[in-house]
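As a plain string of letters, each chain reads:
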Amino acid sequence: PEDWTWCYDPHLPTNRNLREAYSEGKTFTTILDFYLLSPGIECVSVQTINLHFRHADHQPVLLVFDSQN
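Residues numbered from 1 in each chain as written. Predicted model: local features only at pLDDT ≥ 70, side-chain atom pairs only at ≥ 80, totals over all residues. Heavy atoms only, no water.

**So, the environment of Leu 12**
Next, step 1: Tracing the backbone shows Leu 12 in the loop between β1 (5-7) and β2 (15-16).
Next, step 2: By relative accessible area, Leu 12 is classed as partly exposed at 26%.
Next, step 3: For Leu 12, the contacting residues outside a window of four places in its chain are Ile 31, Thr 48 and Asn 50. (Helix = DSSP H or I, 4+ residues; strand = E, 2+ residues; numbered from the N terminus. Buried < 20%, exposed > 50% of the residue type's maximum accessible area, 1.4 Å probe, protein only. Contact = heavy atoms within 4.5 Å.)

Now the structure itself:
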């Protein structure tokens, strides 16, 4: 619906392929973490934390939001 909004960080990938060890610039990566915000919720900021997939196949994402209620 038009009063719902998407929030994501378009600058860094959040997920990587697991078929091989991670190699920056070679391993397939993509943005997989999108947040759908209902009416009354505003995205203040969203930032992918670049850990170079050191600990997992996902990067952590920090989402700050505000309730307008």
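**Quick look at the state of the cysteines**
Next, step 1: Counted under the stated rule, the structure contains one disulfide.
Next, step 2: Between the sulfur of Cys 7 and that of Cys 43 lies a disulfide, 2.2 Å long from S to S. Highlighted residues: Cys 7 in strand β1 and Cys 43 in strand β5 (residues 41-48), separated in sequence by 36 residues.
Next, step 3: We classify Cys 7 as buried; its relative accessible area is 3%. (Disulfide = S-S within 2.5 Å.)

**Some thoughts on the packing of aromatic side chains**
We describe a pair of aromatic rings using the distance from one ring centre to the other and the angle between the two ring planes.
Next, step 1: Overall, the coordinates contain three aromatic pairs when judged by the stated rule.
Next, step 2: With a centroid separation of 4.7 Å and an interplanar angle of 55°, the aromatic rings of Tyr 8 and Phe 34 are classed as tilted. On the criterion of sequence distance, the pair formed by Tyr 8 in the loop between β1 and β2 and Phe 34 in the loop between β3 (29-30) and β4 (35-37) is long-range, its members being 26 residues apart.
Next, step 3: On the accessibility criterion, Tyr 8 (36% relative accessible area) is partly exposed.
Next, step 4: Given the relative accessible area of 39%, Phe 34 is considered partly exposed.
Next, step 5: Look at Tyr 22 and Phe 53: their rings are 5.0 Å apart centre to centre, the planes differ by 55°, and that puts the pair in the tilted class. With Tyr 22 in the loop between β2 and β3 and Phe 53 in the loop between β5 and β6 (61-67), this pair connects stretches of sequence that are 31 residues apart. (Phe/Tyr/Trp six-rings, centres within 6.5 Å; stacked < 30°, edge-to-face > 60°.)

**Structural notes on unusual backbone geometry**
Next, step 1: The backbone of His 52 shows a phi angle near 55°, a positive value even though the residue is not glycine.
Next, step 2: Tracing the backbone through its elements, the reader meets His 52 in the loop between β5 and β6.
Next, step 3: What makes His 52 partly exposed here is its relative accessible area of 37%.
Next, step 4: Residue Phe 53 is not a glycine yet carries a positive backbone phi of 55°.

**Quick word on the side chain of Thr 48**
Next, step 1: Mapped onto the fold, Thr 48 is located in strand β5.
Next, step 2: Under the relative-accessibility criterion, Thr 48 is labelled buried at 3%.
Next, step 3: Discounting residues that sit within four places of it in the chain, Thr 48 has contacts with Asp 9, Leu 12, Pro 13, Thr 14, Gln 59, Pro 60 and Val 61.

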